[in-house]
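# Understanding the architecture of this molecule
Chain by chain, the residues:
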Amino acid sequence: MPAREPIDAPPAIRNRLRRLGLERREDLVLHLPLRYEDETRVTPIAEAAVGVALLVEAEVLDLAVGRAPRRQLVVRVGDASGGILALRFISFHGSQQRALEAACAAGSRLRIFGEVRHGFNGLEMVHPRYRIVAADEPLAQSLTPVYPTTAGLGQATLRRLVARALHDADLSELLDPDWCRVQALPSFAAAVSLLHAPPPTVAESTLHDRSHPAWRRIKFDELLAQQLSLRRAYLARRQQVAPVLPATGQLAQQLECSLPFALTAAQRRVAAEIAGDLAQSSPMQRLLQGDVGCGKTIVAALAACQAIEAGYQVALMAPTEILAEQHFLKLRAWLEPLAVEVLWLTGSLSGKLKRQRRQQAATSAQLVVGTHALIQESIDFSRLGLIIVDEQHRFGVRQRLELRRKGGNPHQLMMSATPIPRTLAMSYYADLDVSLIDQMPPGRSPVRTRLFSADRRAQVVAAVRAAVAGGRQAYWVCPLIEESDKVDLQAALDTHAVLSSELVDLRIALVHGRLRSEEKAAVMAAFVAGEVDLLVATTVIEVGVDVANASLMVIEHAERFGLAQLHQLRGRVGRGAHESVCVLLYQPPLSASARARLKIIFEHADGFEIARQDLRLRGPGEFVGSRQSGEPLLRHADLENDADLVELAQSMAARLLHDSPERAGRHLQRWLGDREDLLRA
Ligand code: ADP
Ligand code: MG
């Protein structure tokens, strides 16, 4: 199959097609109908049901043009059933009127497709599609497809282009026909032909709910392309050469001995998995998963020790400055006593300091902690051995690609507290090895979740006072405001002012995204040190903040937050031995979806269960945000409903790559064309 078989159409049409993501003939073949219209049978007007789109064939009885201002053309038609139908055109051309007059005079027949409704004087259709036909003109043999389209691109044009693409494009079968038969999947050519032009005998509901075997074949093929692409990327990376970091474990051992706690069995297990990877000569691609608070940071630090001991540098990247700084402080406290040079690098450093730090990062620093600055700045690490990405789902594809280009082929450890449901992991993360920490450190008390409607706010304020009186600290998260940073800031300032007047004897601080990084750092440091009782915050604290003495989390306008966010925020408390509470303060009335979210977060503490519910509510977009290139990568398959196909595709991908890499390549070309790159991040 040629790599690119451009669509043969005038440039203006090609531009519009491009807006739909259609560049090649193959793309048109895979541009599947949204729904169908049935023009395969004629309905006698006398039997036409109101509210249904149908085809009638009739002769023009008369035409009338209404006067301005409501100038409209009304054409009355009738057929042998004795029924009469008015066709109403609110806008029309003179040429159209003349053609209809001629048809009337000649007694020609019209084929008219539209939805019948009750009009002023009987049945009518508004702006139906119609055509003057010869008496013996055959009816359509298949249902008429209606495609997703864009302004300036009519259905007729699309239909013509798709039909031609079906004729010209290579639809050859790339899978084993016997296997397809066993799986009850039609051939690729049969599947696309049927979906673009279904025979009238097909049960339309199976097209609509996509359960028809032709749809299953298409969804399978799409999932197969995804699996092939990820698997190829995985195998390609296995071919690359990374520094071998032997697991002597001395530095790691020292670190472990210096900790005030013992590692959990789960931490020990994943640390060993990572240590094994680092000792290999192919780059590690591992995703470290574990619910909020399970202790991923220390596992990352142990991995860093292994690289540092082997004489390599380590870069740790976090999505926010606050988180990066917290990591820096913690890692420095752990590692500097072991004579490891830890450096903090953020985007907001001043020019001279930044240059100096960059120089240091490039040469002497053993562990560099930072935000995106790590990738945006041109740092040439002299010996980068390991990259650690925290909260990896917050980074974009391009940022991760950039990072990989930094110096050689370092090992990569990605960490995420957003649990990924199994089907999602199998599809979008199929190119990564996954380690899971499925256990919390001992001595944690479960967080109690309580729902308060806004009219009981006073009780919540009293709870803050009580927590602080008991020697604890609290968070108050401000309402999430999507529209603009400015409004967001104002809301935070307001909340802070109101709480300050309500809780005069408390030490209250405010942290928000607009503060300069030193200011943010100072506020956080004061909170960590226990010099602040109540921290009022926008969602800048969402990820990673770790203060064991904080036992109360209040989330104002909780109904505006997504499930993952609520779970993350709630995970900020319950980190010490104290009884902890998360208050979801909501503003009634609740929308159905807000109610559903709050119910889920109230009923479940387990991040995986919450994620599964989230996937059900919203689809995979949110989970794989960083993997998307704007358009969803899966257009047809649906991970929730097509889980069986995901598994089938996974095993077929392995088999096809092994038995017939050439056909695997052609399948990828058919489905992804040039988009494959984006899947590889
Ligand atoms: P997360 O996985 O959410 O990033 P952290 O790494 O921030 O979690 O760990 C949360 C807290 O638990 C930190 O204060 C950390 O020092 C502590 N911690 C980690 N492992 C253990 C353990 N095995 N026993 C006790 N506390 C631990
Ligand atoms: Mg963390």
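Notes on the structure follow. (Residues numbered from 1 in each chain as written. Chains lettered and ligands numbered in written order. Predicted model: local features only at pLDDT ≥ 70, side-chain atom pairs only at ≥ 80, totals over all residues. Heavy atoms only, no water.)

## What about the site of ligand 1?
- Around ligand 1, the structure places 16 residues, and the nearest of them are Gly-293, Lys-296, Thr-297, Arg-444 and Asp-546.
- The contact in question runs from a nitrogen atom of ligand 1 to an N or O atom on the side chain of Gln-267, over 2.9 Å.
- The contact in question runs from an oxygen atom of ligand 1 to an N or O atom on the side chain of Arg-444, over 2.6 Å.
- A total of 570 Å² of accessible area belongs to ligand 1 in isolation, and the protein chains cover 86% of it.
- With respect to the detected pockets, ligand 1 is housed in the largest pocket.
- A per-class count over the shell around ligand 1 returns six nonpolar, five polar and five charged. (Near = heavy atom within 4 Å. Polar contact = N/O pair within 3.5 Å; in protein donor to acceptor, adjacent residues only side chain to side chain. Areas by Shrake-Rupley, 256 points an atom, 1.4 Å probe, with all protein chains shown as cover. 1 Å grid on protein atoms, 1.4 Å probe; cavity = no way out; pocket = protein on both sides within 12 Å on 5 of 7 lines; lining within 4 Å. Sits in = over half its atoms within 2 Å of the grid points. Nonpolar A, V, L, I, M, F, W, Y, C, P; charged D, E, K, R; others polar.)

## Examining helix H24 (residues 661-672)
- Between its terminal C-alpha atoms H24 stretches 16 Å, which fits the 16 Å expected from twelve residues at 1.5 Å a residue.
- Within H24, the full set of buried residues consists of Ala-664, His-667, Leu-668, Arg-670, Trp-671 and Leu-672. Looking down the long axis of H24, one finds its buried residues gathered within 160° of arc, a one-sided arrangement. (Helix = DSSP H or I, 4+ residues; strand = E, 2+ residues; numbered from the N terminus. Expected span 1.5 Å × (residues − 1). Buried < 20%, exposed > 50% of the residue type's maximum accessible area, 1.4 Å probe, protein only. Arc of directions from axis to C-beta.)

## So, the packing of helix H10 (residues 265-278) against helix H11 (residues 296-309)
- It is at 10 Å that the axes of H10 and H11 come closest, and there the two elements cross at 30°. Considered as vectors, H10 and H11 are oriented roughly parallel to each other. Viewed along their axes, H10 and H11 form a crossing whose handedness is right-handed. Where H10 abuts H11, its residues Gln-267, Val-270, Ala-271, Ile-274, Ala-275 and Leu-278 lie against Ile-298, Val-299, Leu-302, Ala-303 and Gln-306.
- Looking at the contact of H10 with H11, its residues break down into nine nonpolar, two polar and no charged. (Axes fitted to C-alpha atoms, helices over the stretch in contact; angles between N-to-C directions. Parallel < 35°, antiparallel > 145°, perpendicular 65-115°, else oblique. Left-handed = near helix turned anticlockwise from the far one by under 90°. Contact = heavy atoms within 4.5 Å.)

## Description of the side chain of His-327
- With respect to the secondary-structure elements, His-327 resides in helix H12 (residues 321-335).
- In this structure the side chain of His-327 is engaged in a polar contact, spanning 2.6 Å, whose partner is the side chain of Asp-390.
- Beyond its immediate stretch of four places on either side in the chain, His-327 contacts Thr-297, Leu-316, Ala-318, Arg-332, Val-369 and Asp-390.

## As for the pairing of strand E3 (residues 73-78)
- Sheet topology places strand E2 (residues 53-65) next to E3; six bridges connect them, and they run antiparallel. Pairing of Glu-59 across the sheet is with Gly-78, part of E3.
- Strand direction decides the pairing type here: E3 and strand E4 (residues 84-89), joined by six bridges, are antiparallel. By the bridge assignment, Val-74 is partnered in E4 with Arg-88.
- Between E3 and E4, which pair antiparallel in sequence order, lie five residues; one of them, Gly-82, sits at a positive phi of approximately 90°. (Pairing = 2+ DSSP bridges.)

## Remarks on the layout of surface pockets
- As a volume, the largest pocket reaches approximately 900 Å³.
- For the largest pocket, the lining is made up of 38 residues, of which Thr-297, Lys-330, Arg-444, Asp-546 and Arg-575 are closest to its centre.
- When contributions to the lining of the largest pocket are tallied by element, the ones reaching two or more residues are H11, H12 and helix H19 (517-528).
- When the residues that make up the lining of the largest pocket are grouped by side-chain class, the tally is 20 nonpolar, nine polar and nine charged.
- Mapped onto the domain boundaries, the lining of the largest pocket takes at least three residues apiece from domain 3 (250-437) and domain 4 (447-604). (Points joined across faces, edges and corners; volume = space filled by probe spheres on them. Domains from an automatic or database assignment.)

## Looking at the sheet that holds strand E21 (residues 550-556)
- Strand order in the open sheet made by the six strands is E17-E22-E21-E18-E20-E19, with parallel pairing throughout. If you trace the sheet from one side to the other, it starts and ends with strand E17 (447-453) and strand E19 (508-511), each paired once. Adjacent strand axes in the sheet meet at a mean angle of 20° when their direction is disregarded.
- Where strand E18 (residues 473-477) meets E21, five bridges bridge the pair, whose relative direction is parallel. Its bridge partner being in E21, Val-477 is matched across the sheet by Ile-555.
- Sheet contacts for helix H20 (residues 563-570): E17, E18, E21 and strand E22 (580-586); angle to E21, the most-contacted strand, approximately 155°.

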